[in-house]
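# Working through the structure, step by step
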Amino acid sequence: MIKSGLHSGWTVRAVGGPVPPEVRDAPVPATVPGTVHTDLLAAGLIPDPYLGTHEAELAWLHRGAWRYDTTVSAVPAAPDERLDLVFEGLDTVATVSLDDVELGRTANMHRSYRFDVRQALRRPAATLSVRFDSALEFAEAVQDRLGSRPRAYDHPFNAVRKMACGFGWDWGPDLQTAGIWKPVRLERWRVARLARVRPLATLDADRSTGRLTVHVEIERSGLEPAGDLVAWVAVGDLPGRPEGLTGEVVVPAGSDRGAVELVIPRAPVWWPAGHGEHPLAAVTVDLLDPAGAVLDSFARRVGFRSVTLDESPDAAGSRFAFVVNGREIFVLGLNWIPEDHLLTRLTRQRYAAAVDRAVAANANLLRVWGGGIYESDDFYDVCDERGVMVWQDFLLACAAYSEEDPIRSEILAEARDNITRLCSHASLVIWNGGNENLWGHEDWDWKDRLGDLTWGARYYYEDFPALLAELDPTRPYHPGSPSSPGFDPQVVHPNDDRHGTRHEWQAWNRRDYTWHTHFTPRFCSEFGWQAPPAWSTLTATLAPADLHQESPAFLMHQKAADGNDKLNRGLAHHMPVPADFTEWHWATQLNQARATTYAVEYLRSLAPHTMGSILWQLNDCWPVTSWAVVDGAGRLKPAWYALRRSYAPRLVSFQVRDGAVTLVAVNDSDQPWTGLVGLVRAGFDGGELARAKIHLQVAPRSVTRVPVGADLLAVADPAREVLVADIDGLRATHLFAEDTELAYEPDPVSASVTRTPDGWAVTVTASSFARDVAVLADRVAPDAVVDDMLVDLLPGESRTFRVRTGAAVAAGAFTAREVLRSANTLAAPAGAR
């Protein structure tokens, strides 16, 4: 097998649609992999779609047609050779031609394509062309033919196999990219090639023996008599076995597949983050001809682990708990969307940085959401290495999907492609049928609108389970998030909190973050609260005149329906809504952090009844007001720091149970947690009003609830008293009223700033109770990152915040009002100012 990349010499030009003259007139250099947007941006022909109101100004791209061209220089195929043109991904509605001879047409960005070009590629220099037509117009035509089906947004994203959020979402832009978005190459081969290889690694119940079953499918060239072939399998990187293990798959004449199982005694055990190490073993497969020459090769890394899902019935309903290597795992998760809307700009380094931000927040799972893409191999490789479990949605989201062609065959083809591609990854722990489609069918007035039209049930209940039984029986499958597996949705609602998975969006959309305590879900796979991006991200995106809630540019970067009003209503439950935009920016970021803490600590306190929390969301794909804890520029919002604290292996929080304040201690570690908890009720001025010590004992991987003494709760002045619990450097804080009613000292801290080798140390000392103390370092320098945030200080206490930055800044900048923040000035009533 000889592989030759075809990534140079490309141009792109407009060939149809409402394209402006300055863009239409001539071809421009094209980067492959790439998209029309990135090429026109590089050529200076369009503005950055992420800035200002440029997204709307570029809507003409939705209906454009484009042609990519390059020259292919290749020796014609010998009589015994196959010569294939391979596209790993085309976005989306494409016609592929070689010297004006059409090779094929595609309409699915989520799968690969292969064309036999033995006859077409005969000239030493041939023109390879790929024409992309409007995916929107294609979808509109399919919709006209198959019938309009309900969906969350205006464009018919459910009528074409393209990234659904590419048509816009409630956090993402409507750009509708087109282009050769993954690698393209020529493959020259003889006799046979490895068409599909599926290494499935598992671990026996006693954790002492690993098993690797390698399934091999080949394609024969058809140019010579078919004979027996052997695929040689080798496993390396095994402790105590420098020679590794080997085996062979015999593919007899007349067959195109075979399998071998290798047994690995004392296999290195792969554990999720927070539960152990994540060793990986190298697997290679060489396809040999009868003479022993290598025809084709394959290489991956695998991890030995078992994964099951406990869905057993209990008194409350039915469980939903991941069991990895025989151990129940409380999922500390984050939903993942594409890291950049312009997908081809993503690199392994960017994937690693994004996943590392999740790991640093103590997360152990990322859910690849069904309105995005099957991610790059780099993403899954990084998750394998970090021990981050991956929940993988099939790519159907917030819509009804036709079960007829051309949609059906494409969905099944892409599912087969990606199950095969991803099944070797140790990090992948569950396949999920889709996002909110079962819920939508049951609860969003879809049934009347659908009439007799199909809506996708066959995919979730028949097709995906059948494909997984054939290709990847080593992992559990869930029919949809949310859903109540095993129950008729008309009898038990898909979002019933007694079973399966739940999405909690009433809190954000209609209530308040305190609404979470109305439910006790078995597993919460979506919930969250919005906030704007970091200040330096916002100011790099919008002009100074646009920094207010109602500016068209700001609203273009707030995609949620009624988003700003929901932010303000959510604020009003807890603190005054500032009129000043700078103050409002801090207040909404703080409220997102509080909402995150409240929900996560509540969910963790319910274990083992509740066994998972997947926050919506980790990341953004562009600069936007959203539910992300990391903004589109990769900057950490205050909510990220709140999540890190709430997802820590050990956690103390105050929870209300049956009307009484209770201290809850979570120990998600392998060691018992023992120690003394110091509890103090104090005035905001520092006066001690009550004190107690509690001897804490929490078994490994468990939760303990401790009643709080009546004297600690016998508050005399709810506006000026606070209850704190401290153990091992951890603090839980309980206030007796909302911020609007608290008599905060508006200027409760002083600070000193000193230089450090990599930045600055900001030491903050409280003279009165200071809540949620933060240093918003990016307001001083865009590259500045602070080590901690949202710290509660009693009078006399100090905390040093360490800021990393390479910028030359003045020390005094870190003590400016807009940088050194707390809740006090936002919520202090007029009489306390």
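The structure reproduced in this document is the subject of the present report. Keep in mind it's a predicted model, so treat the numbers as computed, not measured. Position numbers for residues count from 1 along each chain, tracking the sequence in the order it is written. Selection of residues for local features in this predicted model requires a pLDDT of at least 70, selection of side-chain atom pairs for listing and counting requires 80 or more, and totals for whole chains, interfaces and linings are taken over all residues. To get the side-chain values, all heavy atoms of the structure are used, and hydrogens and water are removed first.

Moving on to the overall build of the chain. Strands are runs of DSSP state E lasting at least 2 residues, helices are runs of H or I lasting at least 4, and numbering of each runs from the N terminus. Scanning the chain from terminus to terminus reveals 18 helices and 44 strands. What you see for the chain is a C-alpha radius of gyration of 29 Å, in line with the 28 Å of a compact globule of 833 residues. Overall, the chain is about 95 × 65 × 60 Å in size when its C-alpha atoms are taken along their principal axes. Within the span of the chain, comprising 833 residues, buried residues form 60% of the whole. Here, residues are in contact when the closest pair of their heavy atoms is within 4.5 Å. Contacts in the chain between residues far apart in sequence, at least 24 positions, make up 70% of those at least 6 positions apart. In short, Shrake-Rupley with a 1.4 Å probe defines the accessible areas, and a residue's cover is counted only from the protein chains shown. Of the roughly 29800 Å² of accessible surface on the chain, a fraction of 51% belongs to carbon and sulfur atoms. The sign given to each residue is positive for Lys and Arg and negative for Asp and Glu; His and the chain ends receive no count. Working definition for charges: the position is that of NZ of Lys, CZ of Arg, CG of Asp or CD of Glu. Between the averaged position of the 81 positive side-chain charges in the chain and that of its 108 negative side-chain charges there is a distance of 2 Å. Note on method: radius of gyration uses C-alpha positions; expected globular size equals 2.2 Å times residues raised to 0.38. Between buried and exposed lies partly exposed: a residue is buried under 20% and exposed over 50% of the maximum accessible area for its type, with that area taken using a 1.4 Å probe on protein chains only.

Each Phe, Tyr or Trp ring (for Trp, its six-membered ring) is paired with any other whose centre lies within 6.5 Å, and the angle between the two planes then decides the class: stacked below 30 degrees, edge-to-face above 60, tilted in between. For the structure shown, the criterion picks out 43 aromatic pairs. Ring geometry for tryptophan 508 versus tryptophan 529: centroids 5.1 Å apart, planes at 90 degrees, classification edge-to-face. With a gap of 21 residues between them, tryptophan 508 in helix H11 (residues 506-509) and tryptophan 529 in the loop between strand E29 (524-526) and helix H12 (535-541) connect regions that are remote in the sequence. Its relative accessible area of 3% is what places tryptophan 529 among the buried residues. Clustering of aromatic rings is evident, with ring pairs tying together Tyr153, Phe157, Trp169, Trp171, Trp369 and Trp616. Across from the ring centre of tryptophan 515, 4.1 Å away, lies the NZ or CZ of arginine 511, which sits over that ring. A cation over a ring is seen here: arginine 779 above tryptophan 535, with NZ or CZ 4.0 Å from the ring centre. Over a ring means this: the NZ of a Lys or the CZ of an Arg is within 6 Å of the ring centre and within 35 degrees of the ring normal.

All right, on to unusual backbone geometry then. What is expected of a backbone is that most residues other than glycine have negative phi and most peptide bonds are trans. Note that the residue after aspartate 91, namely threonine 92, is joined by a cis bond; omega there is -5 degrees. The residue threonine 92 is located in the loop between strand E5 (81-87) and strand E6 (93-98) in this model. Geometrically, the link from serine 481 to proline 482 is a cis peptide bond, its omega value of 0 degrees lying close to zero. Here proline 482 is to be found in the loop between strand E27 (477-478) and strand E28 (502-503). With phi around 55 degrees, asparagine 325 is a residue other than glycine that occupies positive phi space. Tracing the chain through its elements places asparagine 325 in the loop between strand E21 (321-324) and strand E22 (327-329). According to the relative accessible area criterion, asparagine 325 is buried, its value standing at 2%.

Here the focus is the sheet that holds strand E40 (residues 770-775). What the three strands build is an open sheet, ordered E42-E40-E44; its pairing is antiparallel. With partners counted over all chains shown, the strands left at the sheet margins are strand E42 (791-793) and strand E44 (820-821), one partner each. When DSSP finds two or more bridges between a pair of strands, those strands are recorded as paired. As judged from the two bridges shared by E40 and E42, these two strands associate in the antiparallel manner. Across the sheet, the residue bridging to valine 773 is valine 791, located in E42. Those strands touched by helix H15 (residues 581-605) are E40 and E44, and its axis lies near 110 degrees from that of E40. An axis is simply a line fitted to the C-alpha atoms; with a helix, the fit covers only the stretch in contact. Between two such axes, the angle follows the N-to-C directions and lies from 0 to 180 degrees.

The next point concerns the packing of H15 against helix H16 (residues 638-646). Two numbers describe how H15 lies on H16: the axes approach to 8 Å, and their chain directions differ by 20 degrees. If you check the angle between H15 and H16, you find them roughly parallel. Relative to H16, the crossing made by H15 is right-handed. Along the contact surface, H15 presents Trp586, Gln589, Gln592, Ala593, Thr596, Thr597, Val600, Glu601 and Arg604, while H16 presents Pro638, Ala639, Ala642, Leu643 and Ser646. Residue classes in the contact of H15 with H16 are distributed as seven nonpolar, five polar and two charged. With respect to orientation, any angle under 35 degrees is reported as roughly parallel, any angle over 145 as roughly antiparallel, any angle of 65 to 115 as roughly perpendicular, and every other angle as oblique. The crossing is said to be left-handed when, going from far helix to near helix, the turn is anticlockwise and less than a right angle, and right-handed when the turn is clockwise. Polarity classes work like this: nonpolar for Ala, Val, Leu, Ile, Met, Phe, Trp, Tyr, Cys and Pro, charged for Asp, Glu, Lys and Arg, and polar for all others, with Gly in that last group.

Attention shifts here to the layout of surface pockets. In the cavity and pocket records, a cavity denotes points on a 1 Å grid over the protein atoms alone where a 1.4 Å probe fits but cannot get out, a pocket denotes an open set with protein on both sides within 12 Å along at least 5 of 7 lines, and lining residues are residues with an atom within 4 Å of a point. Grid points are joined across faces, edges and corners, and a volume is the space filled by probe spheres set on the points. Considering only enclosed or pocket space, the second largest pocket measures out at about 1300 Å³ in volume. Along the walls of the second largest pocket sit 44 residues, with Thr597, Glu601, Thr733, His734 and Arg771 positioned nearest its centre. Contributing elements (two or more residues each) for the lining of the second largest pocket: H15, H16, strand E31 (650-657), strand E37 (730-735), E40, E42 and strand E43 (798-804). No other element matches E31, which puts eight residues into the lining of the second largest pocket. A per-class count over the lining of the second largest pocket returns 17 nonpolar, eleven polar and 16 charged.

Take the pattern of salt bridges next. Salt bridges are identified by distance alone: a Lys or Arg side-chain nitrogen within 4 Å of an Asp or Glu carboxyl oxygen. For the coordinates displayed, the defined rule picks out 68 salt bridges. Glutamate 217 serves as the salt-bridge partner of arginine 196, at 3.5 Å between the closest nitrogen and oxygen. Note that arginine 196 is positioned in strand E11 (residues 192-203) and glutamate 217 in strand E12 (residues 209-220), a separation of 21 residues in sequence. You can call arginine 196 partly exposed: its relative accessible area is 29%. A salt bridge links aspartate 381 to arginine 348, with the shortest nitrogen-to-oxygen separation between them at 3.4 Å. Placement of aspartate 381 in helix H6 (residues 377-386) and of arginine 348 in helix H5 (residues 348-360) is noted, with a sequence separation of 33 residues between them.

Tracing the chain through its elements places arginine 319 in the loop between strand E20 (317-318) and E21. Among the polar contacts made by the side chain of arginine 319, one reaches the main-chain carbonyl oxygen of proline 608 at a distance of 3.2 Å. The definition of a polar contact used here is a pair of N or O atoms within 3.5 Å, where within protein one atom must be able to donate a hydrogen and the other to accept one, and adjacent residues in sequence count solely through side-chain atom pairs.

Unoccupied space between atoms shows up once a probe the size of one water molecule is rolled over them. Under the defined criterion, the tally for this structure stands at five cavities of 30 Å³ or more. Taken as a whole, the largest cavity encloses approximately 110 Å³ of empty space. Looking at the lining of the largest cavity, the elements with two or more residues in it are helix H2 (36-42), strand E9 (125-133) and helix H4 (135-146). Class assignment for the residues of the lining of the largest cavity results in eight nonpolar, seven polar and three charged. Within the lining of the second largest cavity, the residues separate by chemical class into four nonpolar, four polar and one charged.

Another aspect to go through is the sheet that holds E12. Taken together, three strands build an open sheet; the order of strands is E11-E12-E15 and the sheet is antiparallel. Bordering the open sheet on either side are E11 and strand E15 (257-265), each of which pairs with just one other strand. Here the strands of the sheet are splayed against their neighbours by 15 degrees on average, with no regard to which way each runs. Pairing of E11 with E12, which is carried by eleven bridges, proceeds in the antiparallel orientation. Bridging across to E12, valine 197 finds its partner in valine 216.

It is worth spelling out the environment of proline 79 at this point. Following the sequence through the fold, proline 79 ends up in the loop between strand E4 (65-73) and E5. Along the chain, proline 79 and glutamate 224 lie 145 residues apart, while their C-alpha atoms are 9.9 Å from each other.

Here we come to the state of the cysteines. The disulfide criterion is simple: two cysteine sulfur atoms within 2.5 Å. Scanning the entire structure with this criterion turns up zero disulfides. Of the cysteine sulfurs around cysteine 398, a residue in no disulfide, the closest is that of cysteine 165, at 11 Å. Here cysteine 423 is not disulfide-linked; the sulfur of cysteine 383 is the nearest cysteine sulfur, at 16 Å.

The topology assignment puts valine 664 in strand E32 (residues 660-667). The class of valine 664 is buried, set by a relative accessible area of 1%. Sequence-distant contacts of valine 664, defined by excluding residues within four places in its chain, comprise Ser605, Leu651, Val652, Ser653, Gln655, Val703, Thr704 and Arg705.

Working definition of a nonpolar core: buried Ala, Val, Leu, Ile, Met, Phe, Trp, Tyr and Cys residues. They are joined through side-chain atoms within 4.5 Å. By size, the foremost hydrophobic cluster in this structure holds 163 residues, and its most contacted members are Leu366, Phe379, Phe394 and Val775. Considering every element that reaches this core, the biggest residue donor is H15, with eleven residues. Not counting the four nearest positions on each side in its chain, phenylalanine 394 is found in contact with Gly370, Tyr374, Ala415, Ile419, Trp431, Asn432, Gly433, Gly434, Phe464, Leu468 and Tyr477. In this structure, Val19, Val32, Val36 and Ile180 belong to the second largest nonpolar core, which totals 39 residues.

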